[in-house]
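Per-entry structural report
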Amino acid sequence: MPVLSDATRGRILFGGDYNPEQWPEETWHEDVRLMKDAGVNSVTLGVFSWSKLEPEPGAREFGWLDTLMDLMHAGGIGVVLATPTASPPPWMGRLHPDTLPRTEDGRTEWWGGRQHFSHSSATYRRHAAAITADLAARYGGHPALTMWHINNEYCTFDYGDEAAAAFRRWLRQRYGTLDTLNTAWGTAFWSQGYDTWDGILPPRLPHYMRNPTQVLDFRRFTSDMLLECYVAERDIVRRHTPHLPVTSNFMPLWIGQDAWRWTEEEDVVSVDLYPDPRDPLGAQQGALVQDMTRSQARGPWMLMEQAAGPVNWRGVNHPKPHGLNRLWSLQAVARGADAVCYFQWRQSRQGAEKFHSGMVSHAGEQGRTYQEVRQLGADLARLSPHVTGQHSGADVAVLHDWHAWWAGAQDGRLSTEVDYADVLKTWHRALWQAHLTTDFAHPEHDLTAYKLVVVPQLYALTGTAIDNLLAYVRQGGTLVSGFLTGVADEDDRVRPGGMDARLRELFGIRTLHEWWPLDAGETVECDGPQGAFRGTLWSEELEADGTATETVPYKGGELDGLPAVLRRDRAWYLSTLPEPEALRDLLATIAADAGVRPVLDGLPGQVEAVRRGDLLFLLNHGREPVTVDVPGTHRDLLTEATVTDRVTLGRYGVAVLRP
Ligand code: GAL
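Residues numbered from 1 in each chain as written. Predicted model: local features only at pLDDT ≥ 70, side-chain atom pairs only at ≥ 80, totals over all residues. Heavy atoms only, no water.

With respect to the helices and strands, V494 occurs in the loop between strand 13 (478–482) and helix 17 (501–507). For V494, a relative accessible area of 48% gives the class partly exposed. Dropping the residues within four chain positions of it, V494 is found in contact with V487 and A488. (Helix = DSSP H or I, 4+ residues; strand = E, 2+ residues; numbered from the N terminus. Buried < 20%, exposed > 50% of the residue type's maximum accessible area, 1.4 Å probe, protein only. Contact = heavy atoms within 4.5 Å.)

Here it is as structure tokens:
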């Protein structure tokens, strides 16, 4: 199968979504000049071009795209060609209302925005296949073409009738018989037993809480249906260009797609990433998504979209201060990206995103945004020969599974304060702040290469996953688990005892008497050998079985003296969420015991250090200059300077050191 390096050919891809159909032809020539000047070597064409390519049913308008493909080729700029299927033209909805998705309360999602297509609509799929086939036939042999980009951020749900029929087919395949489905869904509760497949619906808006397993299966179904749409288009383009890689861009840590499953079908894993420049944890949010994407790719990956300045979909949309765009771009390279791309090349003057930044902002060539983009282009060109194709794994893995997220993110839980994604971010943040590089892994993956595995929260676990965790510890691995892990099976059926018995034994828990969720802002005192700390979000009334080798008790309150943290040899269980610094210190101590070293010792807090291949990236996330000790002699690939023992990084400064 083709891979990212077939498209990069030794250069970091640099560029972005290019929407020339929004501009007169003179601007296209100006664009090529500016692209070349900035070192842009890749653009994504056609993402939302369907009505331009097929202005009326069956028509084909390829002339403008022919011109652009040729222009790009003449300018030495590769084209990632997108299928335009994320935004069907208005005629499609008008002539074929069956292509429009329905919300859970039966509303139609009309044209006039984007992504108004039903993944289950046979009509939509037929039209999508036809335009994809014609694009692939026309441009498959074009010398500018380097990669295919299918659709864009697949993310639609559909509760309509055609989706309902597809859901039933999907369920028949999963369960075989109605009895099995009724058992899996626990339909004995509230008189929900089904006597015919035709009675089953997507989880449309009910009077009161929905059947959780029905909701869980609908999420699985939706991810699978979107994947079917992707695979159908991928297979079409593959027939024409078996040598070119195919991707579709993920939204970062989005609940709707099981990205572990999806990446099995992708040649290149790509992601869109928009941390808030004002968020003090923006860099960590970026690192998390980058770590996750690298882990899914198991090698170099593509940053398909980021913003050169502000986005326009937050309440208040802040620009990136001078230097931040470069810093966050190089952070992605440090964490394995072989492509640094943007939405979008030129900021629009019309349409819903005219206040969203582009690489060329409304201020044009003289604007700070474009000038910083140029500098970044030069930096990436310098780094390209040293980094492309390089992959570095980690000693620590954070376990993450969409099915566990889906099962846990439902109504009727004990606390709406517990948010899966927030818990995941908090644990990643603790490791990031301890300067420990982390991979992400699925609970059924082979974990034996990791010295430390952490489970922030996996509410539902399959038997296979539990076997895997037990085997990992048996074989010498260190496991740290947060609360609400192993509570349910894959049907969201609570396991006897409130937590899988084998996991309880692993951690030294005899009885889990009660869960004691905490209110927002409420804390519980814990008093450990390493000092006291406060727990947040959750606590548990646990009875240890006497086999624990270490415990940290709750202090005061109803749970006084009961274990907040339990350790049995190499398996740790945290029944509360320690405050961030305490979690950082605890994980750092456990990691050190497990033989995991931070990337570099003695790093100032604001500096992130990442190794990629034999290179050491140092990134100053602070506005103040900082000096970092780096024993030995190195060459900074960005400045060509020789660095001996110490390097000073300016505001948002970066050094890329080669020994
Ligand atoms: C992405 C999308 C782009 C653009 C961007 C704005 O989600 O793929 O088309 O809308 O957001 O930030």
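Now that the structure has been shown, the text picks up again.
Around the ligand, the neighbouring residues are F48, R114, N152, E153, D272, Y274, E305, W313, F343, E353 and H356. A distance of 2.8 Å is found between an oxygen atom of the ligand and a side-chain nitrogen or oxygen belonging to W313. The contact in question runs from an oxygen atom of the ligand to an N or O atom on the side chain of E353, over 2.4 Å. When the ligand sits alone it has 310 Å² of accessible area, and the protein chains cover 95% of it. Residues belonging to the shell around the ligand are distributed by class as follows: four nonpolar, two polar and five charged. (Near = heavy atom within 4 Å. Polar contact = N/O pair within 3.5 Å; in protein donor to acceptor, adjacent residues only side chain to side chain. Areas by Shrake-Rupley, 256 points an atom, 1.4 Å probe, with all protein chains shown as cover. Nonpolar A, V, L, I, M, F, W, Y, C, P; charged D, E, K, R; others polar.)

Bringing the domain arrangement of the protein into the picture now. If you check the domain split of the protein, you get domain 1 (271–388), domain 2 (396–593) and domain 3 (607–658). With centres defined by C-alpha atoms, the gap from domain 2 to domain 3 works out at 35 Å. (Domains from an automatic or database assignment.)

Summed over the entire model, instances satisfying the criterion amount to 26 aromatic pairs. For the pair F62 and Y139, a centre-to-centre distance of 5.9 Å together with 90 degrees between the ring planes defines the contact as edge-to-face. Within this pair, whereas F62 is found in the loop between helix 3 (50–53) and helix 4 (63–74), its partner Y139 is found in helix 6 (residues 122–139), the two being separated by 77 residues in sequence. As far as the burial class goes, F62 and Y139 line up, both buried. (Phe/Tyr/Trp six-rings, centres within 6.5 Å; stacked < 30°, edge-to-face > 60°.)

Every regular strand shows the same layout, with side chains that alternate between the two sheet faces. Judged by how many residues are buried, strand 4 (residues 145–149) sits mostly within the fold: five of five residues are covered. Taken together, the two bridges between strand 4 and strand 5 (residues 246–247) define a ladder with parallel strand orientation. Along strand 5, the bridge assignment pairs H149 with T247. (Pairing = 2+ DSSP bridges.)

On to the environment of F218. Looking at where F218 falls in the secondary structure, it is placed in helix 9 (residues 212–240). Contacts of F218, omitting those with residues within four sequence positions, involve F157, D158, Y159, F167, P202 and P203.

The subject of this paragraph is the sheet that holds strand 16 (residues 531–536). Read from one edge to the other, the open sheet built from 10 strands follows the order 11-10-12-13-20-19-18-15-16-21, with strand pairing classed as mixed. Each end of this open sheet is capped by a strand with a single partner; those strands are strand 11 (438–441) and strand 21 (577–578). In this structure, strand 13 lies alongside strand 20 (residues 571–574), joined through four bridges in parallel fashion. Considered in strand 20, the bridge of G482 is made with L574. In this fold helix 15 (residues 420–433) packs onto strand 10 (396–399), strand 11, strand 12 (452–455), strand 13, strand 20 and strand 21, with an angle of close to 170 degrees to the strand it touches most, strand 10. (Axes fitted to C-alpha atoms, helices over the stretch in contact; angles between N-to-C directions.)

A word on the nonpolar core. Core analysis: the largest hydrophobic core is formed by 169 residues, its most contacted members being L81 and F617. Leave out the neighbours within four places in its chain, and L81 touches L45, L65, M69, L135, Y139, L145, M147, W148 and H149. Among the nonpolar cores identified, the runner-up in size contains 16 residues, and Y159, W170, L181 and I200 belong to it. (Core = buried A, V, L, I, M, F, W, Y, C linked by side-chain atoms within 4.5 Å.)

This part takes up the environment of E522. Checked against the element boundaries, E522 lands in the loop between strand 14 (509–517) and strand 15 (523–528). Given the relative accessible area of 35%, E522 is considered partly exposed. Separated by 14 residues in the primary sequence, E522 and T536 have C-alpha atoms spaced 6.5 Å apart. Ignoring sequence-local partners within four residues, the contact set of E522 consists of G535, T536 and L537. At 2.8 Å, the side chain of E522 forms a polar contact with the backbone nitrogen of D519.

The next subject is helix 15. The first and last C-alpha atoms of helix 15 sit 20 Å apart over 14 residues, in line with the 20 Å expected at 1.5 Å per residue. What helix 15 keeps buried is the set Y420, A421, V423, L424, T426, W427, H428, A430, L431 and W432. With a side-chain oxygen lying 3.2 Å from the backbone nitrogen of A421, the N-terminal cap of helix 15 falls on D419. Backbone geometry just after helix 15 places H435 at a positive phi near 60 degrees. (Expected span 1.5 Å × (residues − 1).)

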